[in-house]
Amino acid sequence: MKLERLPHDPGVVLDFFEESLSTLGSLCERTWHDRLELVAEGRAAALWNPDGALYTGELHFTPADVTGARDAAREVFPGCPLTFRLAETLRPVPLPLERVVLASDNATARPPDVAVAEKLWHGQFPNSSHWRLRSAFQRAWHFSLVALSRCEIQAIDQHWSLHRVALSLPGGAVDDSLARELTFGQPVETAPAAVNWPPPDPGQWHRLLTRALELELNHELSGILHRQEHSLRRELERIDQYFANYELELGTRARRTAKEGVKIKSAERLAAAKAEHARRRADQVARHEIRVIPHLDALLLTAETAWTAEIQVERNHQPQNLQARLVPRARRWEI
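Residues numbered from 1 in each chain as written. Predicted model: local features only at pLDDT ≥ 70, side-chain atom pairs only at ≥ 80, totals over all residues. Heavy atoms only, no water.

J.: What am I meant to see in the pairing of strand β11 (residues 318–327) here?
T.: A regular strand carries its side chains on alternate faces of the sheet. When strand β10 (residues 291–315) meets β11, the two strands line up antiparallel, connected through 9 bridges. Bridge pairing in β11 places Q312 opposite N321. If you look at the hairpin formed by β10 and β11, you'll find 2 residues sitting between the two strands, and N316 has a positive phi there, around 55 degrees. With 3 bridges joining them, β11 and strand β12 (residues 332–334) adopt antiparallel strand pairing. Each bridged residue has a counterpart across the sheet, and for R325 the counterpart in β12 is E334. (Pairing = 2+ DSSP bridges. Helix = DSSP H or I, 4+ residues; strand = E, 2+ residues; numbered from the N terminus.)

J.: How should I be thinking about the pairing of strand β9 (residues 158–168) in this particular structure?
T.: Of all the 11 residues making up β9, 8 are buried; the element is thus mostly covered by neighbouring parts of the structure. Pairing between strand β1 (residues 2–3) and β9: 2 bridges, direction antiparallel. Along β9, the bridge assignment pairs K2 with H163. One ladder, built from 11 bridges, connects strand β8 (residues 138–154) with β9; its direction is antiparallel. Counted as the bridge partner of L148 is R164 from β9. Between β8 and β9, which pair antiparallel one after the other, the connecting turn spans 3 residues. (Buried < 20%, exposed > 50% of the residue type's maximum accessible area, 1.4 Å probe, protein only.)

J.: What's the story with the sheet that holds strand β4 (residues 55–61) in this structure? I'm lost.
T.: Each strand in a sheet pairs with another by means of backbone hydrogen bonds, the pair being arranged parallel or else antiparallel. The mixed open sheet is built from 4 strands, whose spatial order is β2-β3-β4-β5. Since the sheet does not close on itself, it has two edges, and those belong to β2 (27–32) and β5 (75–76), each with one partner. Pairing of β2 with strand β3 (residues 35–40) involves 5 bridges; the strand directions are antiparallel. Bridge pairing links R30 to L36 in β3.

J.: What is the right way to read the side chain of R332 from this model?
T.: Tracing the chain through its elements places R332 in strand β12. Here E334 takes part through its side chain, which lies 3.0 Å from a polar atom of the side chain of R332. Sequence-distant contacts of R332, that is, excluding residues within four places in its chain, are made with Q124, H142, S168, D175, R325, L326 and V327. (Polar contact = N/O pair within 3.5 Å; in protein donor to acceptor, adjacent residues only side chain to side chain. Contact = heavy atoms within 4.5 Å.)

J.: Whenever I open this one, the layout of surface pockets confuses me. Can you help?
T.: In this approach a probe as big as a water molecule rolls over the atoms, and the regions it shows empty are the leftover space. Considering only enclosed or pocket space, the largest pocket measures out at about 1200 Å³ in volume. As for the largest pocket, its lining consists of 27 residues, and the residues nearest its centre are R5, L6, G79, T83 and F84. The set of elements that each furnish at least two residues to the lining of the largest pocket consists of β1, α1 (10–23), α2 (81–90), β8 and β9. One number sums up the size of the second largest pocket: a volume of about 380 Å³. Lining the second largest pocket are 18 residues, with W205, H206, L209, T210 and L296 positioned closest to its centre. Top contributing element to the lining of the second largest pocket by residue count: helix α5 (residues 202–256), with 9 residues. Taken together, the residues of the lining of the second largest pocket break down into 13 nonpolar, 3 polar and 2 charged. (1 Å grid on protein atoms, 1.4 Å probe; cavity = no way out; pocket = protein on both sides within 12 Å on 5 of 7 lines; lining within 4 Å. Points joined across faces, edges and corners; volume = space filled by probe spheres on them. Nonpolar A, V, L, I, M, F, W, Y, C, P; charged D, E, K, R; others polar.)

J.: Hey, could you run me through unusual backbone geometry in this one?
T.: Among all residues save glycine, negative phi is the norm, and among peptide bonds the norm is trans. For the bond running from V93 to P94, omega is -5 degrees, close enough to zero to count as cis. Within the secondary structure layout, P94 lies in the loop between α2 and β6 (97–101). Cis geometry is found at the peptide bond from L169 to P170, where omega equals 10 degrees. With respect to the helices, strands and loops of the structure, P170 is situated in the loop between β9 and α4 (176–181). Of note in this structure, H130 is not a glycine but carries a positive phi near 55 degrees. A positive phi angle is found at R331, which is not glycine, with a value near 50 degrees.

Right, here's the structure in full:
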């Protein structure tokens with residue numbers, strides 16, 4: 001899910017900078033309601049001095065509607081580079097993998113009703129029939145990978161968005177309900193020792209997250225792609241028209257003269273113009289490329305109560321015995 005962008009509030013942003021820079025070891029003091037004076041070195045000073053040398057200065061937190069030239073090193077405004085660099089500095093490296101066990105409610109703490117389980121199955125797999133429960137429900141664990149990602153889209157205009165993506169493991173199915181409701185989930189105070197957490201699989205998780213983010217950004221990218229194509233088409237037409245006129249002029253000059261030297265020079269200029277034409281077209285295509293760069297800010301592995309059972313069902317006119325798992329929160333079966 002795409003998280004809504006908060007409105008720019010200079011006071012809130014100032015609080016964030018003061019707390020963050022103090023955490024990094026800086027000395028901070030509010031000299032006015034919208035100004036923060038600081039003395040920083042090391043990691044905090046690297047926001048201004050790449051070598052981490054001592055930095056002293058005053059930050060001005062301006063309202064969003066202020067116009068005029070901005071000083072990106074001393075002013076904090078919507079889209080300010082300092083904000084992004086500070087967020088990157090606060091991000092731990094390597095990124096830790098957090099784990100949490102979600103508490104069960106009354107509905108998920110007991111085995112599901114057989115009629116409800118059958119209804120959910122037919123709703124999810126409409127091509128199956130003759131559903132029958134062959135074993136009693138057994139308590140199990142269902143694991144999900146939740147990622148918080150800032151997505152940077154580099155195009156004619158730069159775009160930033162924040163996404164929370166939840167994937168069911170091990171298959172990687174997108175779980176939008178968990179992404180939406182995670183903030184309302186209640187973790188257990190003490191994780192049960194019986195939880196057999198899946199081992200981290202960076203390669204597989206990278207592929208699953210990449211696919212999920214592609215689906216998440218598809219709608220936003222479609223509008224950007226349309227604008228990029230329109231701009232590229234306009235630029236290529238302008239370049240093609242310019243060189244077509246230039247080549248026509250060179251050809252006309254060559255035909256009007258009988259001097260061999262002039263014809264040779266015209267041919268050389270024509271060859272150079274064709275090479276420059278191709279170079280400028282390739283340059284415009286490269287300028288109009290769209291690059292999507294995700295930045296992972298948090299990784300969370302969740303465990304929640306699920307129920308497994310052996311199911312007998314007929315699918316595509318073939319009887320099958322399946323070991324399936326029902327996730328009550330998501331009201332979804334997994335085979």
